[in-house]
Amino acid sequence: MEYTIIRVYRVVASSQSEATDRLMEAFEKGVQRDYLARDIVKGPTDVRTAVTRPMSWWALARRQILGR
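Remember, predicted model here, so these are calculated numbers, not experimental data. (Residues numbered from 1 in each chain as written. Predicted model: local features only at pLDDT ≥ 70, side-chain atom pairs only at ≥ 80, totals over all residues. Heavy atoms only, no water.)

## Points about the overall build of the protein
- Counting secondary structure elements, the protein contains two helices and two strands.
- If you list the helices and strands of the protein from N to C, you get β-α-β-α.
- Counting every position in the protein, which comprises 68 residues, the buried fraction comes to 4%.
- In the protein, of all internal contacts separated by at least 6 residues, the share reaching a separation of at least 24 is 70%.
- Carbon and sulfur atoms form 52% of the exposed surface of the protein, whose accessible area is close to 6700 Å². (Helix = DSSP H or I, 4+ residues; strand = E, 2+ residues; numbered from the N terminus. Buried < 20%, exposed > 50% of the residue type's maximum accessible area, 1.4 Å probe, protein only. Contact = heavy atoms within 4.5 Å. Areas by Shrake-Rupley, 256 points an atom, 1.4 Å probe, with all protein chains shown as cover.)

## Observations concerning a nonpolar patch on the surface
- A cluster of nonpolar residues, Met1, Tyr3, Ile5 and Val41, forms a patch on the protein surface that exposes about 540 Å² of accessible area.
- When you line up the elements, isoleucine 5 lands in strand S1 (residues 4–9). (Patch = residues over 30% accessible without salt bridge, like charges linked within 9 Å, V, L, I, M, F, W, Y side chains within 5 Å. Salt bridge = Lys/Arg side-chain N within 4 Å of Asp/Glu carboxyl O.)

Listed below in structure tokens is the structure:
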């Protein structure tokens with residue numbers, strides 16, 4: 001079985017690059033737990049989803065008007 005583990009970190013910064021730098025510095029110092037907000041574990045899923053292209057705005061409007 002295969003599980004997905006996601007770690008969510010929360011960093012206070014004025015920009016995305018500053019937040020990334022602060023988190024990378026925390027990883028180098030080994031104190032990344034200070035920024036850890038939560039862990040998410042997703043179990044195995046047997047359902048495979050097909051990848052489909054998003055519908056164009058014209059096709060969506062036609063579907064809403066014609067009711068198909």
